[in-house]
Amino acid sequence: YLPESILDLPKRGMKVPLKLWFTQALGERAHDVLLSKTFRQRGHFSPIFCDKLLQDDVRAPDLRRRRRDEWLWLILMSELWLQTHSYVERPLTTAR
């Protein structure tokens, strides 16, 4: 049983608890993946930007911390997807 006041609320998305995840084991995993030779050699993301994200103070203001966590999540998930699907870089070919 749920009260009518809850049943009548508009739909809304659920927030992913990134702050909690990155302060636990996922933070260690992000460091391992984003500092790896494979990730760096891919060159999809700026190493300087990724280093900044990984070094950013966890005590940063909430808005900056939230943005940091969102960027880390997006970059980490991109790399893990590439690893999971055995993505191999292929040289660009020019049209003839």
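Remember, it's a predicted structure, so these values are computed and weren't measured experimentally.

**Q** Provide a residue-level description of the overall build of the chain, including the pertinent values.
**A** When helices and strands are tallied, the chain shows 6 helices and 0 strands. In sequence order, the secondary structure elements of the chain are arranged as α-α-α-α-α-α. In the chain, buried positions account for 25% of the 96 residues. When contacts within the chain are restricted to residue pairs at least 6 apart in sequence, long-range pairs at least 24 apart make up 64% of them. If you sum the accessible surface of the chain, you get close to 8,100 Å²; carbon and sulfur atoms cover 59% of it.

**Q** Go over the environment of Met77 with me, naming the residues and quoting the values.
**A** Note that Met77 resides in helix α6 (residues 62-84). With 47 residues separating them in the primary sequence, Met77 and Ala30 have C-alpha atoms 9.4 Å apart.

**Q** For the pattern of salt bridges, give the residues involved together with the corresponding values.
**A** Proximity of charged atoms lets side chains of opposite charge pair with each other. Evaluation of the coordinates by the stated rule reveals 4 salt bridges. For the salt bridge of Glu70 with Arg67, the shortest nitrogen-to-oxygen distance reads 3.3 Å. Pair noted here: Glu70 and Arg67 are both in helix α6, with a separation of 3 residues, about one helical turn. For Arg67, a relative accessible area of 46% gives the class partly exposed.

**Q** Lay out the nonpolar core with the relevant residues and their values.
**A** Soluble globular proteins tend to pack their nonpolar side chains together in the buried interior. In terms of nonpolar packing, the biggest core is built from 14 residues, with Phe22, Leu34, Leu72, Ile75 and Leu76 touching the most fellow members. Put simply, the parts of the chain that give this core at least two residues each are α2 (18-22), α3 (25-34), α5 (47-55) and α6. The contacts of Leu76, once residues within four sequence positions are left out, are Phe22, Leu26, Arg29, Ala30, Val33 and Leu34.

**Q** Just give me the short version of a nonpolar patch on the surface, but keep the residues and values in it.
**A** On the surface, a nonpolar cluster with roughly 370 Å² of combined accessible area is contributed by Leu2, Ile6, Leu7 and Leu9. Its place among the elements puts Leu7 in helix α1 (residues 4-7).

**Q** Describe the environment of Arg40, with residues and values.
**A** Structurally, Arg40 is set in helix α4 (residues 37-42). The sequence separation of Arg40 and Cys50 amounts to 10 residues, and the corresponding C-alpha distance is 9.7 Å.

Rules and cut-offs
Residues numbered from 1 in each chain as written. Predicted model: local features only at pLDDT ≥ 70, side-chain atom pairs only at ≥ 80, totals over all residues. Heavy atoms only, no water. Helix = DSSP H or I, 4+ residues; strand = E, 2+ residues; numbered from the N terminus. Buried < 20%, exposed > 50% of the residue type's maximum accessible area, 1.4 Å probe, protein only. Contact = heavy atoms within 4.5 Å. Areas by Shrake-Rupley, 256 points an atom, 1.4 Å probe, with all protein chains shown as cover. Salt bridge = Lys/Arg side-chain N within 4 Å of Asp/Glu carboxyl O. Core = buried A, V, L, I, M, F, W, Y, C linked by side-chain atoms within 4.5 Å. Patch = residues over 30% accessible without salt bridge, like charges linked within 9 Å, V, L, I, M, F, W, Y side chains within 5 Å.

Keep in mind these values describe shape, not function.
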